[in-house]
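# Examination of the molecular architecture
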Amino acid sequence: MKAGGSWRRTADRVYALVSALLGSSALLFLFMVLAVLAVFGVPSIIVNGLNFFTTVIWNPGISTTLTTIRGFPAMSGASYGMLVFFSGTLISSGLALLIGAPLSLGVAIFLTSVAPKRLSTSLSFFVELLAGIPSVVFGFWGFLVLAPLLFNYVEPAMAQYLGFIPGVGGPVYGYGLLASGLVLSLMIVPIVSAISRDAMAQTPVELKEAGMALGMTNWEITRKVVLPYAKTAIIGSLVLGLGRALGETMAVVLVSQSALNVLPKTLYYPINTLSAFMAVTFDSALTDPSGMEVNAIAELALVLFIITTTANIVARLLVRRGFISSAEHLVQV
Amino acid sequence: MMKPEPEPVHRVASGQGTREREILDHERSKGLTGDEGGLIRLQSLCAYYGEQKVLDEISLSIARNRVTVFMGPSGCGKTTLLRTINRMNDGVRKFRVTGQVLINGTDVYSSEVDPILLRTRVGMVFQKPNPFPISIYDNVAFGPRIHKLTKTKSELDQVVRESLEKAALWEEVGTRLNKSALELSGGQQQRLCIARALAVKPEVILMDEPASALDPGSAFKVEELMVELKENYTVVLVTHNMQQAARVGNEVAFLYRGELVEFGPAEEVFQNPKNALTEKYIRGTL
């Protein structure tokens, strides 16, 4: 019995140690990634300086002439500016949010306030299923169906009839900003609508009945009671969706037409994003004898990391605060 | 069962004059005079959740400017009965009603009645105080704003003030209307909910155990308020608190397992119940 007891205590210690190791591994991986980005990024940060953030041209230079800039090797004529990718990331994600937000809210409102319970349950399942579709499949659909559709029908009509709006006129391309924004918007619908729906469903039935007893219509109850109640969580879900759009790679690679050295001037322009460009360029960057292009890509990764992490932190804070304040409210009532 | 003899009172609530007249005209057109038939008449009312019958052939008449109490043990159907009057159970799945709920002679379940408009004439106060998580002022102004009852800010201010005064809350909150309603005590929140209901200028106020979640002091204030409110409104109260029913009720209906066992003037029901079940319930032996 005694021996058994000490064995059990040992096992318990091993259990604590192993779970601590496994538990902290997430943090370890995070720092490993950050460390690699920093080590690889530093030469680019020193060589390119502020130009990295302010210039449009991305050019690895003449691949036969090696020089040294501020102590680091680089090809002669090399210029690394992230503005095309940075702006493409922000604009396409912003567009995705612009299109995706009303769509997601519509879905959430329908699921919580309009659809009968049984339909709502099954429909919720399909909406969540949408979240599980690999992004390359979205991209594939965008490439085969959406972009040609935009090019042949939608964009010409928009350019013709809405061309007076700045950025909506001009030549159309099909593959580009609009296609990217649309595909991204579809990809954020599941996450935004699922979180919004959960928050809206938490509206206390007492408040909805209060509205009903005052002679409010269903729409008025949704607009004046449910949406204000779930506001914080909805905003949080939108930022979370934005986070997903910002980091999305494959779908954008397939429908953006991978612009280089040119900023988008209309809704139809070819664009590029930080993640899409990194994925597509890495292979050729490895052939840069100076290695500077890999360093510059690491700096791009660092920028993307900061953008998406910030968006995620903001979103999580908002989502959590939304739910906590609603819980407090329940206690008070 | 005796039908209560309603008092021949035609008190016209401020701001309700025209509506009162409309009601009277309507009554006359139905061949009724005054309150003879009661403001609200339930006729052979049955209610079902799916196959389950929860109200069985209820017929009774609720007089104007009185407090009518529905009492009975839990699950007797009193809340369901109350909620049929303003059609609050419309959205409940598989809920259906047969028979009639007549208000001023019009069946509220007839196709010509819009439940939204019905609920502006028949207000409701719930068991749990349920103010919106916004300011005191905005809570009271909520209904008038939705229904565009006022044209100017000062008019709205006036409605808010009057409603709070009628709910005996103005003295306590008049100086802090912009504070959150959630900062109020439970009793104050409940009176705020009453003020919010009054602001839409209803004729009838349905109260579903409005004092049961409150401390005794607050409950007493709400009870006092019910008695005051009947001056201008018709109050229908659901309670399982017999003392409360005796204190505030003019007429009392005793329900048991979905059936109306006894209905009559409060004194009679409590002092001289006709039905053995009622007597048992009052003695606390049911």
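Before any of the text, the structure's been laid out above.
Residues numbered from 1 in each chain as written. Chains lettered and ligands numbered in written order. Predicted model: local features only at pLDDT ≥ 70, side-chain atom pairs only at ≥ 80, totals over all residues. Heavy atoms only, no water.

### Remarks on the nonpolar core
Residues and elements named next belong to chain B. Quick reminder of the rule: Nine residue types can take part in a nonpolar core, namely buried Ala, Val, Leu, Ile, Met, Phe, Trp, Tyr and Cys, and a core is a set of them joined through side-chain atoms within 4.5 Å. Relative accessible area decides the class of each residue, using a 1.4 Å probe on protein chains only: under 20% of the type maximum gives buried, over 50% gives exposed, and in between gives partly exposed. Note on definitions: a residue-residue contact is assigned when non-hydrogen atoms from the two residues lie within 4.5 Å.
Ile 40, Leu 42, Ile 58, Leu 60, Phe 70, Ile 85 and Leu 255 are the most contacted members of the largest nonpolar core, which totals 83 residues. With residues near it in sequence (within four places) discarded, Leu 60 still touches Ile 40, Arg 41, Leu 42, Phe 70, Ala 253, Leu 260 and Phe 263. Core analysis: the next-biggest nonpolar cluster, separate from the first, contains 47 residues, Trp 170, Leu 177, Leu 184 and Met 207 among them.

### Here we look at the side chain of Thr84(B)
Using the following cut-off: Segments assigned H or I by DSSP are reported as helices when at least four residues long, segments assigned E as strands when at least two residues long, and all are numbered from the N terminus.
Looking at the element boundaries, Thr84(B) is found in helix 2 (residues 78-85). Among all residues touching Thr84(B), those that are not within four sequence positions of it are Leu45(B), Leu55(B), Phe95(B), Val97(B), Val101(B), Val108(B) and Tyr109(B).

### Remarks on unusual backbone geometry
Residue Ser258(A) is not a glycine yet carries a positive backbone phi of 40°. A positive phi angle, close to 55°, is found at Asn104(B), a residue other than glycine. Relative to the elements of secondary structure, Asn104(B) occurs in the loop between strand 4 (95-103) and strand 5 (106-107). Exposure remark for Asn104(B): the relative accessible area of 3% places this residue in the buried category.

### So, the packing of helix 3 (residues 83-114) of chain A against helix 8 (residues 218-247) of chain A
All names here are of chain A. Quick reminder of the rule: Note on geometry: axes are C-alpha line fits, over the in-contact stretch for helices, and angles between N-to-C directions span 0 to 180 degrees. Two helices crossing with the near one rotated counterclockwise from the far one by less than a right angle form a left-handed crossing, whereas a clockwise rotation gives a right-handed crossing. Ten residue types, Ala, Val, Leu, Ile, Met, Phe, Trp, Tyr, Cys and Pro, are classed as nonpolar, four, Asp, Glu, Lys and Arg, as charged, and the remainder, Gly among them, as polar.
Where helix 3 meets helix 8, the closest approach of the two axes is 9 Å, and the angle between their N-to-C directions is 140°. Regarding helix 3 and helix 8, the two cross each other, and that crossing is right-handed. Facing Thr 89, Leu 90, Ser 93, Ala 96, Leu 97, Ala 101, Leu 105, Ile 109 and Ser 113 of helix 3, the residues of helix 8 in contact are Thr 222, Leu 227, Ile 234, Leu 238, Leu 242, Ala 245 and Leu 246. Grouping the constituent residues of the contact of helix 3 with helix 8 by class yields 12 nonpolar, 4 polar and no charged.

### Focus on the interface of chain A and chain B
How we decide: Accessible area that two parts lose when put together, evaluated with a 1.4 Å probe and summed over both, is termed the buried area. Any Lys or Arg side-chain nitrogen found within 4 Å of a carboxyl oxygen on Asp or Glu counts as a salt bridge. N or O atoms closer than or at 3.5 Å make up a polar contact, with two conditions inside protein: a donor-capable atom paired with an acceptor-capable one, and, for residues adjacent in sequence, both atoms drawn from side chains.
Counting residues at the interface gives 19 residues for chain A and 25 residues for chain B. Of the roughly 1900 Å² buried at the junction of chain A and chain B (both faces included), carbon and sulfur atoms supply 66%. If you look at where chain A meets chain B, you find 2 salt bridges. Here chain A is connected to chain B by 5 residue pairs in polar contact (both at pLDDT 80 or more). Looking at the side of chain A that touches chain B, the elements with two or more residues in it are helix 7 (205-213), helix 8 and helix 11 (292-332) of chain A. The biggest single contributor to the side of chain A that touches chain B is helix 7 of chain A, with 7 residues. Classifying every residue of the side of chain A that touches chain B by side-chain character gives 9 nonpolar, 5 polar and 5 charged.

### So, a nonpolar patch on the surface
To keep things clear, this is the line we draw: Like charges within 9 Å and nonpolar side chains (Val, Leu, Ile, Met, Phe, Trp, Tyr) within 5 Å are joined into patches, using only residues over 30% in relative accessible area that form no salt bridge. Surface accessibility follows the Shrake-Rupley procedure with a 1.4 Å probe radius. Residue values consider only the protein chains on display as shielding.
On the surface, Phe140(A), Trp141(A), Phe143(A), Leu144(A) and Val145(A) cluster together to form a nonpolar patch covering roughly 480 Å² of accessible area. Structurally, Leu144(A) is set in helix 5 (residues 135-161).

### Focus on the packing of aromatic side chains
Residues and elements named next belong to chain A. Heads up, the condition is: Each Phe, Tyr or Trp ring (for Trp, its six-membered ring) is paired with any other whose centre lies within 6.5 Å, and the angle between the two planes then decides the class: stacked below 30 degrees, edge-to-face above 60, tilted in between.
Per the stated rule, a full pass over the model turns up 13 aromatic pairs over all chains. Ring centres of Phe 143 and Tyr 175 lie 5.3 Å apart, and the angle between their planes is 50°; this geometry places the pair in the tilted category. Here the residue Phe 143 occupies a position in helix 5, and Tyr 175 occupies one in the loop between helix 5 and helix 6 (177-201), the gap between them amounting to 32 residues. A connected cluster of aromatic rings, assembled from ring pairs, spans Phe 52, Phe 53, Trp 58, Tyr 80, Phe 85 and Phe 277.

### Thoughts on helix 5 (residues 153-166) of chain B
Think of an α-helix as turning once every 3.6 residues; residues three or four places apart then point the same way. Residue and element names in this part refer to chain B. Our working definition: Expected span of a helix: the number of residues minus one, times 1.5 Å. An arc is given here, and it is the one of the directions from the helix axis to the C-beta atoms.
The end-to-end C-alpha distance of helix 5, which contains 14 residues, comes to 20 Å, matching closely the 20 Å that a straight helix rising 1.5 Å per residue would cover. Every buried residue of helix 5 is listed here: Leu 156, Val 159, Val 160, Ser 163 and Leu 164. For helix 5, the angular spread of buried residues about the axis comes to 125°, placing them on one side. Of the surrounding secondary structure, the elements contacted by the buried residues of helix 5 are helix 4 (136-146), helix 6 (170-173) and helix 7 (186-198). Remark: Ala 168 follows helix 5 within two positions and exhibits a positive phi of approximately 55°.

Geometry only, nothing functional implied.
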